Each structure stands twice: as structure tokens, then as C-alpha cells.
Amino acid sequence: MCLAIPGQITSLSDHSDPLARTGCINFSGISKDISLAYVPEAKINDYVIVHAGFALSILDETEAQASLQAFQDLADFENTL
């Protein structure tokens, strides 16, 4: 089973090769450099779904916030156990 996590693009690399383009993605306070090769149209402040170091698709902000809230709800529930 695979899990893809939503994150928000905070900065982009300035790379001429679209396959080597990366962005800094914020995952609820944790930032990672992620490949944007599959989403060449992505821009700063977009939300993307990330799996294994690659952004796979762009999410609408409402959908991204709903996913992030579901992850937070799960974490809150686990803390009550």
C-alpha cells in the first residue's frame, strides 16, 4: 500500500531542464525538496500530492486542507489511546 501526502510549494528551483525541476514543499511545518518533473505547471503556493520524493498532481486548496485535517484528526485520535 502506498501513501501520498499533500504539501504546499514554498519555493521553486530555477532549473532550465523541466525534468530536473524541484521545489521546497511544506508538509505541516516540515520542508523537503521534491521533484516537480510530473507537474511542470506547478507554482509557488500550489498544493501537491507527494509520494516517494515526487509531486504527482496538483490539488485544489480546499481538497488539500481536508486531507491535512484528516491526518491531524488521526494523529489527535492516536494521542488519546
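Rules of the game
Residues numbered from 1 in each chain as written. Predicted model: local features only at pLDDT ≥ 70, side-chain atom pairs only at ≥ 80, totals over all residues. Heavy atoms only, no water. Helix = DSSP H or I, 4+ residues; strand = E, 2+ residues; numbered from the N terminus. Areas by Shrake-Rupley, 256 points an atom, 1.4 Å probe, with all protein chains shown as cover. Buried < 20%, exposed > 50% of the residue type's maximum accessible area, 1.4 Å probe, protein only. Polar contact = N/O pair within 3.5 Å; in protein donor to acceptor, adjacent residues only side chain to side chain. Contact = heavy atoms within 4.5 Å. Expected span 1.5 Å × (residues − 1).

Asks: With reference to specific residues and values, describe the overall build of the chain.
Replies: A tally of regular secondary structure across the chain gives one helix and five strands. Element order for the chain, N to C, with α for helix and β for strand: β-β-β-β-β-α. Its C-alpha atoms give the chain principal-axis dimensions of about 50 × 25 × 20 Å. When the accessible surface of the chain is totalled, it reaches about 5400 Å², and 56% of it is carbon and sulfur.

Asks: Outline the side chain of Ser35, listing residues and values.
Replies: Position of Ser35 relative to the elements: it lies in strand 3 (residues 30-35). Residue Ser35 is classed as buried on the basis of its relative accessible area of 13%. A distance of 3.3 Å separates a polar side-chain atom of Ser35 from the backbone nitrogen of Ala37. In contact with Ser35, other than residues within four places in its own chain, are Arg21, Thr22, Gly53, Phe54 and Ala55.

Asks: Tell me what's going on with helix 1 (residues 61-80), and back it up with residues and numbers.
Replies: Its 20 residues place the ends of helix 1 29 Å apart at the C-alpha level, agreeing with the 28 Å of an ideal helix rising 1.5 Å per residue. One side-chain oxygen at the N-terminal end of helix 1 lies 2.9 Å from the backbone nitrogen of Thr62; it belongs to Asp60.

Asks: With reference to specific residues and values, describe the environment of Asp46.
Replies: With respect to the element layout, Asp46 can be found in the loop between strand 3 and strand 4 (47-51). A relative accessible area of 13% places Asp46 in the buried class. Considering only alpha carbons, one finds Asp46 and Ala64, 18 residues apart in sequence, at a separation of 9.7 Å. Among all residues touching Asp46, those that are not within four sequence positions of it are Gly7, Gln8, Ile9, Glu41 and Ile58.

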